[in-house]
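Listed below are the residues making up each chain.
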Amino acid sequence: GFYDRFRGRLMFPICDEQGRAVGFSGRILTDAKDQPKYVNSPETPIFQKGRILFALDKAKRSVLDEKFAIVCEGQVDTISCHEAGVENVVAPQGTALTEQHARILKRYAEEVVLMFDADAAGQNAIVRSAEPLWDAGVVIRVAVLPPGHDPDSFVKAFGAEKLKELVTKAPSFFLYLLDRLSQQHDPRTERGKLQIARQMAEWLARIPTPILLATYAQQTAKRLDIGEDVLRKEVTKLTGRRRDRSGMTGGDDEADDT
């Protein structure tokens, strides 16, 4: 027989940039582990998850005024921020940010603050979401929430002013990534230095701005206690490989997240 696609879920209308409803998203109301947290409408010519940002129609004026956008993971986080008076907040539709999302955000601001859940899944999503923003030349900062919190629970527990303070003090994505890798790999060991240097070099090789490249290379070399010239050689090597791959493929294929 038939059953409701959104059974047992709290419904959110999804609007385009002009505020027109183009689809729906349903958040599960139970603790069922065998069901996805969010279910979206099927994709249509006017509703494509990789091109829609939840609440952008309501946030775009505030994003322009504040000169940066805050990106959360879900609708509840976004709504709670808006209710608390922090209105330059949007969210992707259950996927990491895409190239299209990055281009849309860059139309409104040159800077984005990623504010995802404090758990491991949220922190991994930060790195995935940073990639298209980084490639688009958007300045990225990361608001790190205390363990056990997401934006919704944080603003309810500590209030809007604390949330604004957290966003104001948010470090650059590059420093966030350097700290994260230093926690995963011991920078005092040869193996740890090698792992951190290789992964940081991958990001450094994608920086088009010489000033930022020099700044981040110096910070990385200092943290690892290695010569900046050594790190620069690794970056140059990776940059050459990226150019070779780009020439061979003629550009990256567009990926569709589910």
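Heads up: these notes are all about the structure in this document.

So, how was this worked out
- Residues numbered from 1 in each chain as written.
- Predicted model: local features only at pLDDT ≥ 70, side-chain atom pairs only at ≥ 80, totals over all residues.
- Heavy atoms only, no water.
- Helix = DSSP H or I, 4+ residues; strand = E, 2+ residues; numbered from the N terminus.
- Rg over C-alpha atoms; globule rule 2.2 N^0.38 Å.
- Buried < 20%, exposed > 50% of the residue type's maximum accessible area, 1.4 Å probe, protein only.
- Contact = heavy atoms within 4.5 Å.
- Areas by Shrake-Rupley, 256 points an atom, 1.4 Å probe, with all protein chains shown as cover.
- Lys, Arg positive; Asp, Glu negative; His and termini not counted.
- Charge placed at Lys NZ, Arg CZ, Asp CG, Glu CD.
- Pairing = 2+ DSSP bridges.
- Expected span 1.5 Å × (residues − 1).
- Salt bridge = Lys/Arg side-chain N within 4 Å of Asp/Glu carboxyl O.
- Phe/Tyr/Trp six-rings, centres within 6.5 Å; stacked < 30°, edge-to-face > 60°.
- Lys NZ or Arg CZ within 6 Å of the ring centre and 35° of its normal.

1. Observations concerning the overall build of the chain
Move 1: Looking only at helices and strands, the chain features 10 helices and 8 strands.
Move 2: Relative to its length of 258 residues, the chain is compact, with a C-alpha radius of gyration of 20 Å against a globular reference of 18 Å.
Move 3: Principal-axis analysis of the C-alpha atoms places the extent of the chain at approximately 60 × 45 × 40 Å.
Move 4: Sorting the 258 residues of the chain into buried and exposed places 47% on the buried side.
Move 5: Pairs at least 24 apart in sequence give 64% of the contacts found in the chain among residues at least 6 apart.
Move 6: Total accessible area on the chain stands at roughly 14,300 Å², and carbon and sulfur atoms take up 51% of it.
Move 7: Here the chain carries 37 positive and 38 negative side-chain charges, and the mean point of each set is 2 Å from the other.

2. Concerning the sheet that holds strand S6 (residues 89–92)
Move 1: Strand order in the open sheet made by the 5 strands is S4-S6-S5-S7-S8, with mixed pairing throughout. Two strands in the sheet have a free side with no partner beyond their single neighbour: strand S4 (53–54) and strand S8 (139–142).
Move 2: With 3 bridges connecting them, strand S5 (residues 69–71) and strand S7 (residues 111–114) associate as parallel partners. Bridge pairing in S7 links Val71 to Leu114.

3. Thoughts on helix H4 (residues 120–135)
It helps to recall that an α-helix has 3.6 residues per turn; residues three or four apart then point in one direction.
Move 1: Taking 1.5 Å of rise per residue, 16 residues should cover 22 Å, and H4 covers 24 Å from first to last C-alpha, within 8% of that figure.
Move 2: Of the positions making up H4, those classed as buried are Gly122, Gln123, Ala125, Ile126, Val127, Ser129, Ala130, Pro132, Leu133 and Trp134.
Move 3: Its buried side turned inward, H4 meets helix H3 (99–108), S7, S8, helix H7 (173–184), helix H8 (190–204) and helix H9 (210–224).
Move 4: Count one or two residues on from H4 and you reach Gly137, which has phi positive near 80°.

4. Some words on the pattern of salt bridges
Move 1: Overall, the coordinates contain 15 salt bridges when judged by the stated rule.
Move 2: Residues Arg20 and Asp16 are paired through a salt bridge, measuring 2.8 Å at the closest nitrogen-oxygen approach.
Move 3: For Asp16, a relative accessible area of 13% puts it in the buried group.
Move 4: As a salt-bridge pair, Lys58 and Asp57 come within 3.2 Å of each other at their nearest N and O atoms.
Move 5: The class for Lys58 is exposed, based on a relative accessible area of 56%.
Move 6: Each of Lys162, Glu165 and Lys169 takes part in a single network of salt bridges with overlapping partners.

5. Focus on the packing of aromatic side chains
Move 1: Inspection of every chain in the model, using the stated rule, returns 9 aromatic pairs.
Move 2: The ring of Phe68 carries the charged tip of Arg141 above its face, separated from the ring centre by 5.7 Å.

6. Concerning unusual backbone geometry
Move 1: A positive phi is found at Lys67, a non-glycine position, where the angle reads about 70°.
Move 2: Among the structural elements, Lys67 can be located in the loop between helix H1 (56–66) and S5.
Move 3: Relative accessible area serves as the criterion here: at 60%, Lys67 is assigned to the exposed category.
Move 4: For Asp225, which is not a glycine, the phi torsion comes out positive at approximately 55°.
Move 5: Looking at where Asp225 falls in the secondary structure, it is placed in the loop between H9 and helix H10 (228–249).

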